[in-house]
Each structure stands twice: as C-alpha cells, then as structure tokens.
Amino acid sequence: MEDGFFDSTRWQAMLDREGMPASRASIGLLRRADFAARRGTLLVWRCDATGCHADLREYSGQYGDDVAVLLVADADALAPLREGGWAVLPSMIRRGRLSPYILKTMGELEAAGLAEFVEDLELAVPRH
C-alpha cells in the first residue's frame, strides 16, 4: 500500500496550510525503513525568499548540512502527520510513532530560527 510519502503536492499543501518557522535550516522527514537501511528518500521542508517548499532528495546515510531536525516516522504515521500538521507531532513522538533527531546545537537552532519549533515538540535539548 502506498503511504503517500512521495506525494510532494500533498506535503506542500500541509506546508501552505501550517506554515513553517522562518528558518535558514531545514526539517527532514525520513521513513523508518529508509533510516534503518541508510538508503532511500528524504523529504525536506525548507523556507526561502519564495516561501516554504517540500522537496525530495536521495538519502544514502547523509541528511545534508541544511537539515537541523530529522523526523523518522512509521509508515502509518505519515497520513496523520500530513492531515494534522505540526500539532500532532508531540503526541506522535510520545507514542513512539515518530522519532526526532536534533542535528544541531541549541545555539545553532536559535540562530537558524528553529529553537521554538524544537521546544514545541516538547523535547529537552542539551546545551552544548
């Protein structure tokens, strides 16, 4: 069954509806199977002067220097995330359906404009 991961149009609709923190850094989404295999496709949410974008890129164990937060999701968590947007992230994390990885220090997150987003995930981030 297709989980809709590759449907950039539907992810873009979520970004258009939800918005994204104004940030120089990106948020990545990876399916758990691709994360475990260290190969697959990474969905990247990013903002630039033209707005917010949902882009797909090849993943081979490297996320890219622009990705500050990586979300690794169960396949059955993708549709609720697309439909519920940012508001469902904390509960999905608590239930283990989505695993967040913070790839930057708190200072880097603050400089990039993502510190509040990370705090909204209800995560404790160590200060380096």
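Residues numbered from 1 in each chain as written. Predicted model: local features only at pLDDT ≥ 70, side-chain atom pairs only at ≥ 80, totals over all residues. Heavy atoms only, no water.

Colleague: Explain the overall build of the chain to me, please; I cannot follow it from the model alone.
Modeller: Assigned secondary structure in the chain consists of six helices and five strands. When the helices and strands of the chain are placed in sequence order, the string is α-β-α-β-β-β-α-α-β-α-α. In terms of overall size, the chain behaves like a compact globule, its C-alpha atoms giving a radius of gyration of 14 Å where 128 residues would be expected to give roughly 14 Å. By principal-axis analysis of the C-alpha atoms, the chain measures approximately 40 × 30 × 30 Å. Expressed as a percentage of the 128 residues in the chain, the buried residues total 45%. Long-range contacts, defined here as pairs at least 24 residues apart, represent 63% of the contacts in the chain between residues at least 6 apart. About 6,600 Å² of surface is accessible on the chain, with carbon and sulfur atoms providing 50% of the total. Computed over 15 positive and 20 negative side-chain charges, the separation of the two mean positions in the chain equals 3 Å. (Helix = DSSP H or I, 4+ residues; strand = E, 2+ residues; numbered from the N terminus. Rg over C-alpha atoms; globule rule 2.2 N^0.38 Å. Buried < 20%, exposed > 50% of the residue type's maximum accessible area, 1.4 Å probe, protein only. Contact = heavy atoms within 4.5 Å. Areas by Shrake-Rupley, 256 points an atom, 1.4 Å probe, with all protein chains shown as cover. Lys, Arg positive; Asp, Glu negative; His and termini not counted. Charge placed at Lys NZ, Arg CZ, Asp CG, Glu CD.)

Colleague: What is the right way to look at the packing of aromatic side chains in this model?
Modeller: To describe a pair of aromatic rings, one takes the distance between the centres and the angle between the planes. Scanning all chains against the criterion turns up six aromatic pairs. Taking the centre distance of 5.7 Å and the plane angle of 55 degrees together, the rings of tryptophan 11 and tryptophan 45 count as tilted. In this pair, tryptophan 11 sits in helix α1 (residues 8-18) while tryptophan 45 sits in strand β2 (residues 40-48), placing the two residues 34 residues apart along the sequence. The residues tryptophan 11 and tryptophan 45 share a single accessibility class, namely buried. Cluster of aromatic residues (ring-pair linked, three or more members): Trp11, Trp45, Trp86 and Phe117. (Phe/Tyr/Trp six-rings, centres within 6.5 Å; stacked < 30°, edge-to-face > 60°.)

Colleague: In this structure, what is going on with α1? I would like to understand it.
Modeller: The periodicity of an α-helix, 3.6 residues per turn, causes residues three or four positions apart to be oriented the same way. Looking only at α1, the buried set comprises Trp11, Gln12, Met14 and Leu15. Along α1, the residues classed as buried sweep out an arc of 155 degrees about the axis, all on the same side. Set apart from the buried face of α1 by more than 90 degrees, the exposed residues are Thr9 and Asp16. The inward-facing, buried residues of α1 abut β1 (26-31), β2, β3 (51-59) and α3 (78-84). One or two steps after α1, the chain reaches glycine 19, where phi turns positive at roughly 75 degrees. (Arc of directions from axis to C-beta.)

Colleague: Explain the pattern of salt bridges here, please?
Modeller: Within the structure shown, the criterion is met by eight salt bridges. Between arginine 10 and aspartate 7 there is a salt bridge, and its shortest N-O distance comes to 3.7 Å. Looking at arginine 10, the relative accessible area reads 41%, which means it is partly exposed. The partner of aspartate 76 in a salt bridge is arginine 97, with the nearest N and O atoms 3.7 Å apart. (Salt bridge = Lys/Arg side-chain N within 4 Å of Asp/Glu carboxyl O.)

Colleague: Looking at this structure, I do not really get the side chain of histidine 53. What am I missing?
Modeller: Position of histidine 53 among the secondary structure elements: in strand β3. A polar atom in the side chain of histidine 53 sits 2.9 Å from the side chain of threonine 50. Among all residues touching histidine 53, those that are not within four sequence positions of it are Gln12, Leu15, Val44, Trp45, Arg46 and Asp48. (Polar contact = N/O pair within 3.5 Å; in protein donor to acceptor, adjacent residues only side chain to side chain.)

Colleague: Explain the environment of arginine 57 to me, please; I cannot follow it from the model alone.
Modeller: Mapped onto the elements of the fold, arginine 57 is located in strand β3. Look at arginine 57 and you get partly exposed, because its relative accessible area is 28%. Counting along the chain gives 29 residues from arginine 57 to glycine 28, while the straight-line C-alpha distance between them is 10.0 Å. Excluding residues that lie within four positions of it along the chain, arginine 57 makes contacts with Gly40, Thr41, Leu42, Val44, Tyr63, Gly64, Asp66 and Val67. Engagement of the side chain of arginine 57 in a polar contact is seen with the backbone oxygen of tyrosine 63, the distance being 2.8 Å.

Colleague: Explain the pairing of β1 here, please?
Modeller: Side chains on a regular strand alternate between the two faces of the sheet. Burial within β1 is extensive, with six of its six residues counted as buried. Side chains of β1 alternate between two faces, with Ser26, Gly28 and Leu30 and Ile27, Leu29 and Arg31 buried alike. Summarising the sheet, β1 and strand β4 (residues 67-73) pair through six bridges and their orientation is parallel. Bridge assignment links leucine 30 to a residue of β4, and that residue is valine 72. (Pairing = 2+ DSSP bridges.)

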